[in-house]
Amino acid sequence: MSDTIAGIQVPDTALAREATELVREATDDLLFHHSRRVFLFGSLQGQRLHLQADPELLYVAAMFHDLGLTPRYRRDDQRFELDGADEAERFLAAHGVPPQRIRLVWEGIALHTTPEVPWRLEPEVALVTAGVETDVLGIGHRDLDAADVEAVVAAHPRPGFKQAIVDAFADGFRHRPDTTFGTVNADVLEHRVPGYRHIDFVEVIENSSWSE
């Protein structure tokens, strides 16, 4: 039987159950509960904004969105968002999900730290970002019914979350700092890695091989 939290029914399909098991095994409590909250808050924001996403696709995207921070799935050569997006693509393809539906999940994960762009795309993409923004940044938090927020946090607690999630980000990509170029992730390393300075876009232009 599926859970219903804050009026949101958590998908209970075979695909969703396997996704839950995969993420539960790969992540600690911090990222597991965060990922579940991203689905729930994204769904609640969808109701508020009249955006209807496929619940199963939104669930898989939310659950996989931070896999690239985990030792099992993190790589050395690309942004952590792509790690999760690529793993979701493999997972869904192995389950026979059509490419156009896989694309929605891939883009939802790959773009979840990119401001503004996801909101111009399909609800499955936009609402991953909505869930992340609500849980991590507090954007839209006050727009939700307080009882719904309380129900979500009761089911998936967030003790010490503000500090813990920044530490998890830093642990997930401190070994590949160049992949944070042009992203909000560089801010994390500047706060958590002594002496780190982000790659400066203007300096890259000025020091390029062009003479002028």
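Look up: the structure comes first, before these words.
Bear in mind that the values here come from a model prediction, so they are computed numbers and not experimental data. (Residues numbered from 1 in each chain as written. Predicted model: local features only at pLDDT ≥ 70, side-chain atom pairs only at ≥ 80, totals over all residues. Heavy atoms only, no water.)

Right, let's get into the environment of F201. The residue F201 is located in helix α10 (residues 201-206) in this model. Look at F201 and you get exposed, because its relative accessible area is 55%. It is 20 Å that separates the C-alpha atoms of F201 and E116, two residues lying 85 residues apart in sequence. (Helix = DSSP H or I, 4+ residues; strand = E, 2+ residues; numbered from the N terminus. Buried < 20%, exposed > 50% of the residue type's maximum accessible area, 1.4 Å probe, protein only.)

Even without being glycine, A6 reaches a positive phi, approximately 55°. In this model, E116 sits at a positive phi of 75°, which is unusual for a non-glycine residue. Mapped onto the elements, E116 comes out in the loop between α5 (99-110) and α6 (123-137).

With respect to the helices and strands, D66 occurs in the loop between α3 (55-64) and α4 (80-94). Buried within the structure, D66 lacks any salt-bridge partner; R37 is the closest side chain of opposite charge, at an N-O distance of 8.8 Å. Within the local environment of D66, its side chain forms a polar contact with the side chain of H65, the two groups lying 3.2 Å apart. Setting aside anything within four residues of it in sequence, one finds D66 in contact with L31, H34, F80, H112 and F169. (Lys, Arg positive; Asp, Glu negative; His and termini not counted. Salt bridge = Lys/Arg side-chain N within 4 Å of Asp/Glu carboxyl O. Polar contact = N/O pair within 3.5 Å; in protein donor to acceptor, adjacent residues only side chain to side chain. Contact = heavy atoms within 4.5 Å.)

Our focus in this paragraph is the pattern of salt bridges. If the charged atoms of two oppositely charged side chains come close together, the side chains can form a pair. Under the counting rule described, the total for this entry stands at 17 salt bridges. Across the pair R174 and D171 runs a salt bridge whose closest N-O atoms are separated by 3.3 Å. Overall, D171 belongs to the partly exposed group, its relative accessible area being 41%. Taken together, the salt bridges that share partners define one network made up of R37, D135 and R158.

Attention now moves to the nonpolar core. Ranked by internal contacts, the top residues of the largest apolar core, which has 45 residues, are F39, V60, F64, F91, L92 and V105. Elements with a contribution of two residues or more to this core: α1 (14-26), α2 (29-49), α3, α4, α5, α6 and α7 (146-155). Per-element accounting of this core gives the leading share, eight residues, to α3. Look past the residues within four positions of V60 in its chain and what remains in contact with it is L15, A19, F91, L92 and V105. Formed by 13 residues, the second largest nonpolar core is a distinct cluster that contains F80, A170, V188 and Y196. (Core = buried A, V, L, I, M, F, W, Y, C linked by side-chain atoms within 4.5 Å.)

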